[in-house]
Amino acid sequence: MFLHQIDLTTALRPYLLPGEALIFVQDGVGLYEGKYKIPQYQNGHAYLTSHRVCYVDNEDPRQNAVGVDLKDVEKTEFYAGFLKSSGKVTLTPAANKRGSMQPRGQSPQIATGAGRRESSSHSVAPSPAPRTSATWVCVICTFSNLIPQGFDPASANSRTYLPPCESCGIKPELIHVVKAAIQAYRQSAASSDQSNDVQSPSSNTKKQTTKIICPRCTFANHLSMRQCEICDTSLATAPDPRLDLTRHEIRAASPGPALVNLSLNDESIKCIKLSFRVGGEKVFFERINTAMQQRKWLLHGAPPIPQPNEQSANGDNSSASDQKVRKLVGIAGLELREQTQRKNNELIIGNAFEDLEALITSAKDIIALAESFSSTAKADGSVSAEADSLVSQSVSQSLGLITTKDMLGSDSLYISELSRNLAEFLTDDTKGVLKKEGGIISLVDLWSVFNQARNGVELVSPVDFEHAARMWEQLKLPVRLRRFKSGLLVVQGSDRTDEKTIASIMSWLKDLHEFPPEEPVPWDWRTYGRGVTVQETAVRFGWSMGVTTEELEMAEEKGVLCRDQGLDGIRFWENFITEDPPQV
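This one's a predicted model, so the numbers in the text were calculated from it and none came from an experiment. (Residues numbered from 1 in each chain as written. Predicted model: local features only at pLDDT ≥ 70, side-chain atom pairs only at ≥ 80, totals over all residues. Heavy atoms only, no water.)

Visitor: Give me helix α20 (residues 545–557): which residues, what numbers.
Guide: Counted at 1.5 Å a residue, the expected span for α20 with its 13 residues is 18 Å, and the 18 Å between its end C-alpha atoms agrees. Residues of α20 that are buried include every one of Val547, Thr548, Glu550, Glu551, Leu552, Met554 and Ala555, and no others. Positioned one or two residues after α20, Gly559 has a phi angle of 80°, which is positive. (Helix = DSSP H or I, 4+ residues; strand = E, 2+ residues; numbered from the N terminus. Expected span 1.5 Å × (residues − 1). Buried < 20%, exposed > 50% of the residue type's maximum accessible area, 1.4 Å probe, protein only.)

And the structure:
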């Protein structure tokens, strides 16, 4: 089927397929099926990737998220818009995705602007083909050939069969026959109009009323004229006859009809239109044409590019048997293998960084090479695990897997998509940013980690970063921004509450009643446990020092903990002042 349901990420964005890259994003987009609106898909985001065109609705994104594969699109059309009509980009499916071109068995319900419903088939009637007496002139022998019967210039393409010239046998060009067919159709239409004018003389009177009569010389001027063509008299005071034509005209409440329902399994969908209400259609049309020309979906699952044979380049025409003899074993074989691997790595890096296109093509090879270098350095002990993960994230992010400003149509859309990108970065299990920080991280630390992961590509300013973080609650994303009493801004999961934090701290303090302290203490540790410092709590839960201090003070304000300030610093204890200690 041409239009299908898609999966979304935790940030309510399309889940990208292997090898798929984001190209452009635009908000304020609605969907049409032919000339009919789809009511549930009238306010959302359009995502253009290297493989698909995706639509995600703002009201119900999980339910109303659909996509179209670019490999199923035969052609794209652009409509610039006029007056209240928005700009549109039309996606026409290929022949194998259109299904039957017959009208639908059951006519869909159409809702008009006044709220009425009428049953009507919305298949567009084909334009009448030109008369069979139309001819095209051969450019070789100037022989007049008849245009094939049933030839439609609107649907003709490079695969349309054209018979050769009857005189010289040379096959004509498609554009030559199309022009001849259009000219013949215009002549037939003009002749029919002339016959109608003869039969209805009232049309000439109507044409006369659509002229501006000069008050001085009575010359009939065109409606667009502001001065008389004969005497140069000003026509500004003359009434415009077009006002009488539109005075009693009642416009419909909606510029077009809408479908009540649409089944995604309907194979009779002839085209899908994307209506851009806030602009961006020109950039979208240019980039979708570029993506269809590149056809990057063909690279998925394709065999690797064969590497050039170095021996054949040097003129060595040795046979396969001679190459088998050269294979060595032992230390010499290991050295030869390492030397061959080093040459292949140099060849990959040299070819990849020649230009941007080569780098994009060799992205998978570069990532695999970087991971092999990282694993080798990690085995030698020269690189830590944190640096290894940072290198992997930096390589992946620097190869275009992030949202940049040139992908978006406006600054507000950039903040919105940056907010979604941040939510995906935090909830990604492979990165585990929140998990490493104990489920909570300060906004400043997150800004530093996020920019480090971008590896110098499209770094985010602190102002944009804070604005994006404040949109999480508005976009209903699984993370939220929290402000402590001191003004510290932290980021945590939307399901994390103060009660859960206090419960985890109290569970840890109760466990201290079971394990003896490292040094002897003068009190009964089985009854009262022991106090903990900020540093011990930070190590236990993986929080930063600032976040740990704020969490402990929050628990103290709620009366769960109390502090003991001594010579060795501040320790936090279970609050036995308001509650009695447990009896052991």
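Visitor: Explain a nonpolar patch on the surface to me, using residue names and the numbers behind them.
Guide: On the surface, a cluster of nonpolar side chains totalling about 390 Å² of accessible area is made up of Tyr79, Phe82 and Leu83. Within the element layout of this structure, Phe82 appears in the loop between β7 (73–79) and β8 (87–93). (Patch = residues over 30% accessible without salt bridge, like charges linked within 9 Å, V, L, I, M, F, W, Y side chains within 5 Å. Areas by Shrake-Rupley, 256 points an atom, 1.4 Å probe, with all protein chains shown as cover. Salt bridge = Lys/Arg side-chain N within 4 Å of Asp/Glu carboxyl O.)

Visitor: With reference to specific residues and values, describe the nonpolar core.
Guide: Residues Leu426, Leu446, Phe450, Phe465, Trp472, Leu477 and Val491 are the most contacted members of the largest nonpolar core, which totals 36 residues. Those elements that place two or more of their residues in this core are β2 (22–33), β5 (52–57), α12 (411–427), α13 (433–436), α14 (443–454), α15 (462–469), α16 (472–475) and β19 (489–493). Considering each element in turn, this core owes the most residues, eight residues, to α12. In terms of domain composition, this core takes at least three residues from each of domain 1 (3–115 + 257–297) and domain 4 (405–493). Discounting chain neighbours no more than four positions away, the residues touching Leu426 are Val433, Leu434, Leu446, Trp472, Val479 and Val491. If you look at the next biggest cluster of nonpolar residues, it comprises 27 residues, including Leu31, Val53, Ile269 and Phe285. (Core = buried A, V, L, I, M, F, W, Y, C linked by side-chain atoms within 4.5 Å. Domains from an automatic or database assignment. Contact = heavy atoms within 4.5 Å.)

Visitor: Go over the confidence of the model for the chain with me, naming the residues and quoting the values.
Guide: In the predicted model, the chain carries a mean pLDDT of 74, and 67% of its residues have values of at least 70. Summarising per-element confidence for the chain, the mean pLDDT is lowest in strand β10 (residues 117–119) (40) and highest in β5 (92). Low pLDDT, under 50, characterises residues 198–209; the stretch is placed with three contacts to residues that sit more than four places away or in other chains. (pLDDT = per-residue confidence, 0-100.)

Visitor: Describe the packing of α14 against α15, listing the residues and the values that go with them.
Guide: At a minimum axis distance of 11 Å, the contact between α14 and α15 shows a crossing angle of 115°. As the angle between them shows, α14 and α15 are arranged roughly perpendicular. In the packing of α14 onto α15, the handedness of the crossing is right-handed. Across the interface between the two elements, Leu443, Leu446, Trp447 and Phe450 of α14 pack against Pro462, Phe465, Glu466 and Ala469 of α15. Taken together, the residues that form the contact of α14 with α15 break down as seven nonpolar, no polar and one charged. (Axes fitted to C-alpha atoms, helices over the stretch in contact; angles between N-to-C directions. Parallel < 35°, antiparallel > 145°, perpendicular 65-115°, else oblique. Left-handed = near helix turned anticlockwise from the far one by under 90°. Nonpolar A, V, L, I, M, F, W, Y, C, P; charged D, E, K, R; others polar.)

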